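Here are the chains, one letter per residue:
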Amino acid sequence: MTSMTTFETPGGVTAAKPTVAGHVRDYLARIRGGDLGALPAVLGLVLLTLIFGSAEPETFFSAGNFANLFNQAAGVTMIAMGLVFVLLLGEIDLSAGYAAGVCGAVLAILLTDFGYPQPVALVAALAAGAAIGLVLGFLVAKIGIPSFVVTLAAFLAFQGVLLNLLGESQIVSIPDGFIKSLNKDSLPVTWSWILAGVATAGYAVAQLLRFRARTRYGLVTEPIGIVLFRIAGLAALVLTATAVLTQERAINPDVTSLKGVPIAVPVIGGFLVLWTFVLGRTSYGRHVYAVGGNPEASRRAGIPVDRIRISVFVVCSFMTAAGGIMLVSRAGSVDPGTGGSSTLLNAVGAAVIGGISLFGGKGKVIHAVIGGAVIAVIDNGMYLMDFSSGTRYIFTGVILLVAAGVDALARRRAAATGNR
Amino acid sequence: MAAKPLLELRGIDKSFGPVRVLHDVSLSVYPGEVTALVGDNGAGKSTLVKCISGIYPIDAGTVTFEGREVAVHSPRDAAELGIEVVYQDLALCDNLDIVQNMFLGREIRRGIALDEPAMERLAGETLASLSVRSVNSLRQLVSSLSGGERQTVAIAKAVLWNSRIVILDEPTAALGVAQTTHVLELVRRLADNGLSVVLISHNMNDVFAVADRIAALYLGRTAAQVRASDVTHAQVVELITIGRSGNLGLPPEAPNDFADLLPGAPR
Ligand SMILES: Nc1ncnc2c1ncn2[C@@H]1O[C@H](COP(=O)(O)OP(=O)(O)OP(=O)(O)O)[C@@H](O)[C@H]1O
Ligand SMILES: [Mg+2]
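What counts and what doesn't
Residues numbered from 1 in each chain as written. Chains lettered and ligands numbered in written order. Predicted model: local features only at pLDDT ≥ 70, side-chain atom pairs only at ≥ 80, totals over all residues. Heavy atoms only, no water. UniProt positions renumbered as here; feature names shortened; annotations may be inferred. Near = heavy atom within 4 Å. Polar contact = N/O pair within 3.5 Å; in protein donor to acceptor, adjacent residues only side chain to side chain. Areas by Shrake-Rupley, 256 points an atom, 1.4 Å probe, with all protein chains shown as cover. Nonpolar A, V, L, I, M, F, W, Y, C, P; charged D, E, K, R; others polar. Buried < 20%, exposed > 50% of the residue type's maximum accessible area, 1.4 Å probe, protein only. Helix = DSSP H or I, 4+ residues; strand = E, 2+ residues; numbered from the N terminus. Pairing = 2+ DSSP bridges. Core = buried A, V, L, I, M, F, W, Y, C linked by side-chain atoms within 4.5 Å. Domains from an automatic or database assignment. Contact = heavy atoms within 4.5 Å. Axes fitted to C-alpha atoms, helices over the stretch in contact; angles between N-to-C directions. Buried area = accessible area lost by both parts, 1.4 Å probe. Salt bridge = Lys/Arg side-chain N within 4 Å of Asp/Glu carboxyl O.

As recorded in an unreviewed UniProt entry, chain B goes by the name Sugar ABC transporter ATP-binding protein, listed as coming from Actinoplanes utahensis.

The name recorded for chain A in an unreviewed UniProt entry is Xylose transport system permease protein XylH, from Actinoplanes utahensis. Of the comments in the UniProt record for chain A, the one headed Function (unreviewed entry) reads "Part of the binding-protein-dependent transport system for D-xylose. Probably responsible for the translocation of the substrate across the membrane."

Encoded structure:
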């Protein structure tokens, strides 16, 4: 707290002039005040990585396993991204798992029985997802059935729909093509680096433009040091990951070479950017937060609350379909278990572990991605350490409970400091 | 009596199912004046406000704005006329910050993206024009503000839009002495700037401190609308509690009109 310079915002409201030290202080104060965001999940991810890495350095830290993690996480993470929208309104979608299975089955059947071209089948599967969301959202928003009940019913029904769609054979394999490579193959090395460059540059430009716009309006800005630090951090992360992923990871490189960033990465990244923009930078996104925070206030502000409520289910089921496509792409086929067993619970778990509040109004799409990474790392690391799948479930459950506990304690803390 | 009312309500009726909450209510609101709307708990003040702002449809009666009869069907219609309401429960989103709340439902956009800097600047200017200099940051979550600060944000939100009429439902009910004074000063300043202000309050000191006119509701009816300088505390209290005071107020000879509203009456 040395010489505190002040700063005049438009109209003459004075504020403290931003400094790096001040910014760090504010951040720490926010954490202490119970506004944890994704911090626990990021720390958890680092901790788990260190544990599994030291237990199984050979396998866990191999480039092959690193690439594999993305493919493993893709399906659940996409579903979790969609769930963020529903959770922001304090609603839930229990049918997301089997909805993913149903959309995957639609995809596979259109590709095989009907012989549709790949892009058509893909769009149809996504449209099926959106249609499911429309029905669920209508039942919740217009009829007024609690989402827990609506989606529980849908969960049961979709399980049956999946069985009936698959018919006698009970397993439908998808033909080769770009859908199959979505969650299986990798980008060529050149394209991997181009992608890394574009992502880093895009982030830097977005950050700097924001900084410039605020400066131009004479508003309080973050210190430029913090902005540059963030850009450098992201660049380091992206470039390191790309360097690892462009290593040769085939067991027998002479037969087939295997290197490059998995295609799943730009798919997840693209949706992450899209939904982050939608939630953070559009009035639609603002209204989603508002309805999640105070529906009555939103209604009085002229926000069409029912339409917002329906729309989040549409987004959720759309992302569920996208997640289903990734699951099918990875497995190469659809069976009655696609999207079943722990898919939904892992997706909800990913969102909660990432720091999304189940009480609505709080959370970002990136939280679902970080949570999805935590789930995938647990699954992957414990598998490599030869734990039985029973033990893995138990451990995942414990982690989820820890995350929910941290959230609850943080919320108590936040209520006490008025930071809710 | 030169000035014409900006907003005039005549014969407003409103029922919720069998419950008749407003009965032949009239109210005139003048530019540059503070009109206090008083009445006991359940008299129908908040309901009347929600009818004006388009949250509840009215069953009968006319609403005249600048001499023109208007129909207000939604909060948006009211906002277009320049009618802004600060509700009793404030209706702020705790999970959003000050700027986000002030622009809720009417965000400034640039293409499809929100223009945050423009909104933050305007919010800052509006708060400053209300002589508010106490917020730490315009990006503070509303949940971390004190009652008076929340009230100020809600008022700033209402005046942000070049509004003509600002209606405040019990703005000082939950405030301490200093913050009450501040909010009342704010209310007076709005009227001095030429706005029409409707102030709902149970506190006679507040009412007489800022109001130019007083309209009293009694069991969902207009008891009287008078100039504040023409009446005393005691008279207003009588208007509120028994619906009349001397030759002011509702005629005493029609008690049956209230039969369905009085407590204990057979329904
Ligand atoms: N949505 C509703 N449905 C049925 N009755 C209602 C509804 N809203 C209000 N009422 C009834 O209308 C009457 C007037 O309520 P209102 O909230 O307008 O009173 P008020 O004058 O604002 O009281 P207070 O001073 O306590 O705020 C009350 O008897 C209330 O129970
Ligand atoms: Mg009231």
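Anyway, onward from the coordinates.
Some words on the site of ligand 1
Residue and element names in this part refer to chain B. The local shell around ligand 1 holds 14 residues, among which Asn-41, Lys-45, Ser-46, Thr-47 and His-202 are the closest. In the model, an oxygen atom of ligand 1 is placed 2.8 Å from a nitrogen or oxygen of the Asn-41 side chain. Contact between ligand 1 and Glu-170: an oxygen atom at 3.4 Å from a side-chain N or O atom of the residue. Calculation on ligand 1 without its partners gives an accessible area of 640 Å², and the protein chains cover 63% of this total. Of the residues that constitute the shell around ligand 1, the class distribution is 4 nonpolar, 7 polar and 3 charged.

Regarding the pairing of strand S11 (residues 213-218) of chain B
For a regular strand, side chains alternate in direction, first toward one face of the sheet and then toward the other. Residues and elements named next belong to chain B. Of all 6 residues that make up S11, 6 are buried, and the element is covered over most of its length. Burial of the side chains of S11 extends over both faces: Arg-213, Ala-215 and Leu-217 are buried on one face and Ile-214, Ala-216 and Tyr-218 on the other. With 5 bridges joining them, strand S3 (residues 34-39) and S11 adopt parallel strand pairing. Note on S11: the bridge partner recorded for Leu-37 is Ala-215. Sheet analysis places S11 next to strand S12 (residues 221-227), joined by 6 bridges and oriented antiparallel.

Some thoughts on the nonpolar core
If you look at the biggest cluster of nonpolar residues, it comprises 137 residues, and the most contacted ones within it are Met-78, Met-81 and Trp-275 of chain A together with Leu-7, Leu-48 and Ile-83 of chain B. The leading source of residues in this core is helix H4 (residues 63-88) of chain A, at 15 residues. Both domains that meet at this core, namely domain 1 (1-82 + 165-170 + 194-267) and domain 2 (85-163) of chain B, each give it at least three residues. The residues touching Met-78 of chain A, leaving out its near neighbours within four places in the chain, are Val-267, Ile-268, Phe-271, Met-319, Ala-322, Gly-323 and Met-326 of chain A. In terms of nonpolar packing, the next biggest core, distinct from the first, is built from 54 residues, Leu-127, Val-187, Tyr-218 and Val-231 of chain B among them.

Some points on the sheet that holds strand S5 (residues 68-70) of chain B
Residues and elements named next belong to chain B. On the basis of which strands lie adjacent, the open sheet formed by 4 strands has the order S2-S1-S4-S5 and antiparallel pairing. Looking at strand neighbours, the two that pair on one side only are strand S2 (19-29) and S5, the edges of this open sheet. With direction set aside, neighbouring strand axes in the sheet form an average angle of 30°. Pairing between strand S1 (residues 7-16) and strand S4 (residues 60-65): 5 bridges, direction antiparallel. By the bridge assignment, Arg-10 is partnered in S4 with Thr-62.

As for the domain arrangement of chain B
Residues and elements named next belong to chain B. Along its sequence, chain B is carved into domain 1 (1-82 + 165-170 + 194-267) and domain 2 (85-163). The centre of domain 1, based on its C-alpha atoms, is set 28 Å off from the matching centre of domain 2. Domain 1 puts 15 residues into the contact, and the matching count from domain 2 is 10 residues. When the buried area of domain 1 at its contact with domain 2 is split by residue, Val-166, Leu-168 and Asp-169 rank highest and sum to 34% of it. Where domain 1 meets domain 2, there are 0 salt bridges. If you look at where domain 1 meets domain 2, you find 3 residue pairs in polar contact (both at pLDDT 80 or more). Where the side of domain 1 that touches domain 2 is concerned, the elements lending two or more residues are helix H1 (45-52), helix H2 (75-81) and strand S9 (165-169). By residue number, the principal contributor to the side of domain 1 that touches domain 2 is S9, which donates 5 residues. Across the side of domain 1 that touches domain 2, the residue classes tally to 8 nonpolar, 3 polar and 4 charged.

Points about the environment of Met-382 of chain A
Residues and elements named next belong to chain A. By the element assignment, Met-382 lies in helix H16 (residues 365-384). Along the backbone, Met-382 and Arg-392 are 10 residues apart, and their C-alpha atoms lie at a distance of 6.4 Å. When neighbours within four sequence positions are excluded, Met-382 is seen to be in contact with Phe-52, Val-377, Phe-387, Thr-391, Arg-392 and Phe-395.

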